[in-house]
Amino acid sequence: MATKVSLDLRFSFGEVAGMQVVHLLSGGLDSTVLAAHLLAEGHGVRSLAIDYGQRHRRELDAARAIADHYHLEHRQADLTAVTDLLAGSSLTTAGMAVPDGHYADESMKLTVVPNRNMLFLSLAICWAVSTKSDAVAYAAHAGDHTIYPDCRPEFAASMADAARLCDWHPVALLRPFVNLTKSAIVRRGHELGVPLHLTWSCYKGGAHHCGKCGTCMERREAFALAGVEDPTCYSE
């Protein structure tokens, strides 16, 4: 299984090595494994985290720790001035509780932040253009599009076109994990010796993972299905 994952990922890059990539590093499990994968494939990586006033600001500390671990050039963009424009999500709206339960539940749509991926990718593309990087990468995976509209293949295809056309310096948009399950991503991280204990998933953002919200449940299930020991400390 491990070999097949690696081959699938290499094919997704078109077997082009040595690219300079701006990577959206949230501090979560998926983006951290992708950072390690990009480095393992021989690409140069700059990492970008976004502070948009999210409830789970703990992920920003995780992103910094992971960037330090891999000695990445790391930037954190401050978008807190526009948090009010991203209202309607439990991640950005005070007094709106983060729902418990699996991602399959309708309630998890309350965690959708309006147009978040377009905003984040636009910033990453800006940095890629200014540094003459070859590509922007982000860790959308096979389970994302059922909940998040800006993870749909149609959206990504449109953003890829925009990234090629927005400047005289074209930028590719990479989603090498798009056909992988969360458990496959955990296995890839285990293969690469990723410090998975440094990653942060919980949308509630306390001292420990709550163990009950959708991201925590998905995280727990991914480790179990992958057969990899879960290093996460859960409150529940």
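Rules and cut-offs
Residues numbered from 1 in each chain as written. Predicted model: local features only at pLDDT ≥ 70, side-chain atom pairs only at ≥ 80, totals over all residues. Heavy atoms only, no water. Helix = DSSP H or I, 4+ residues; strand = E, 2+ residues; numbered from the N terminus. Buried < 20%, exposed > 50% of the residue type's maximum accessible area, 1.4 Å probe, protein only. Contact = heavy atoms within 4.5 Å. Salt bridge = Lys/Arg side-chain N within 4 Å of Asp/Glu carboxyl O. Expected span 1.5 Å × (residues − 1). Arc of directions from axis to C-beta. Core = buried A, V, L, I, M, F, W, Y, C linked by side-chain atoms within 4.5 Å. Pairing = 2+ DSSP bridges. Axes fitted to C-alpha atoms, helices over the stretch in contact; angles between N-to-C directions. pLDDT = per-residue confidence, 0-100. Parallel < 35°, antiparallel > 145°, perpendicular 65-115°, else oblique. Left-handed = near helix turned anticlockwise from the far one by under 90°. Nonpolar A, V, L, I, M, F, W, Y, C, P; charged D, E, K, R; others polar.

Within the protein, the regular secondary structure consists of seven helices and five strands. Secondary structure elements in the protein, listed N-terminal to C-terminal, are α-β-α-β-α-β-α-β-α-β-α-α. Within the protein, the fraction of its 236 residues that count as buried is 53%. Across the protein, every contact between residues at least 6 apart in sequence was considered, and the portion connecting residues at least 24 apart equals 72%.

Residue placement: Gly 211 occurs in the loop between helix 6 (182–191) and helix 7 (214–226). Judged by its relative accessible area of 6%, Gly 211 is buried. Considered as a pair, Gly 211 and Ser 235 are 24 residues apart in the sequence and their alpha carbons are 6.1 Å apart. Once residues within four sequence positions are removed from consideration, Gly 211 is found in contact with Cys 216, Met 217, Arg 220, Tyr 234 and Glu 236.

Another aspect to go through is the pattern of salt bridges. Side chains that differ in charge, positive against negative, can pair when their charged atoms come close. Overall, the coordinates contain nine salt bridges when judged by the stated rule. In this structure, Asp 30 and Lys 182 form a salt bridge, with 2.9 Å as the shortest nitrogen-oxygen distance. Taken together, the positions of Asp 30 in helix 2 (residues 29–40) and Lys 182 in helix 6 put the pair 152 residues apart, joining distant regions of the chain. With respect to burial, Asp 30 and Lys 182 carry one shared label: buried.

With that settled, the discussion passes to helix 5 (residues 153–165). Spanning 13 residues, helix 5 covers 19 Å between terminal C-alpha atoms, matching the ideal 18 Å at 1.5 Å per step. Looking only at helix 5, the buried set comprises Phe 155, Ala 156, Met 159, Ala 160 and Ala 163. One side of helix 5 carries all its buried residues, which in axial view fall inside an arc of 135 degrees. Within helix 5, the exposed residues directed more than 90 degrees away from the buried face are Glu 154 and Leu 165. On the buried face of helix 5, the contacting elements are helix 4 (116–130) and strand 5 (172–174).

The next thing to look at is the nonpolar core. Leu 24, Ile 50, Tyr 52, Leu 121 and Val 136 are the most contacted members of the largest nonpolar core, which totals 70 residues. The dominant element in this core, judged by the number of residues it contributes, is helix 4, at seven residues. Setting aside its immediate chain neighbours within four residues, Leu 24 contacts Ser 31, Leu 48, Ile 50, Phe 120, Leu 121, Ala 124, Ala 137 and Tyr 138.

Glancing now at the sheet that holds strand 4 (residues 135–137). Here we have five strands laid out as an open sheet, ordered 3-2-1-4-5, and parallel in their pairing. The strands lining the two open edges of the sheet, one partner per strand, are strand 3 (73–78) and strand 5. Each neighbouring strand pair of the sheet contributes to a mean axis angle of 25 degrees, computed without reference to strand direction. Where strand 1 (residues 20–24) lies against strand 4, three bridges are found, and the strand directions are parallel.

Here the focus is the confidence of the model for the protein. When pLDDT is averaged across the protein, the result is 87; 89% of the residues are at 70 or more. Of all secondary-structure elements in the protein, the lowest mean pLDDT belongs to helix 1 (residues 2–12), at 37, while strand 1 reaches the highest, 98. Segment residues 1–15 is flagged for pLDDT under 50; beyond a separation of four residues in sequence, or across chains, it makes 22 contacts in the model.

It is worth spelling out the packing of helix 2 against helix 6 at this point. Packing of helix 2 against helix 6 brings their axes to within 9 Å, and their N-to-C directions diverge by 45 degrees. Judged by the inter-axis angle, helix 2 sits oblique to helix 6. Along this stretch, helix 2 crosses helix 6, giving a crossing that reads as left-handed. On helix 6, the residues touching Leu 29, Asp 30, Val 33, His 37 and Ala 40 of helix 2 are Lys 182, Ile 185, Val 186, Arg 188 and Gly 189. When its residues are assigned to classes, the contact of helix 2 with helix 6 shows five nonpolar, two polar and three charged.

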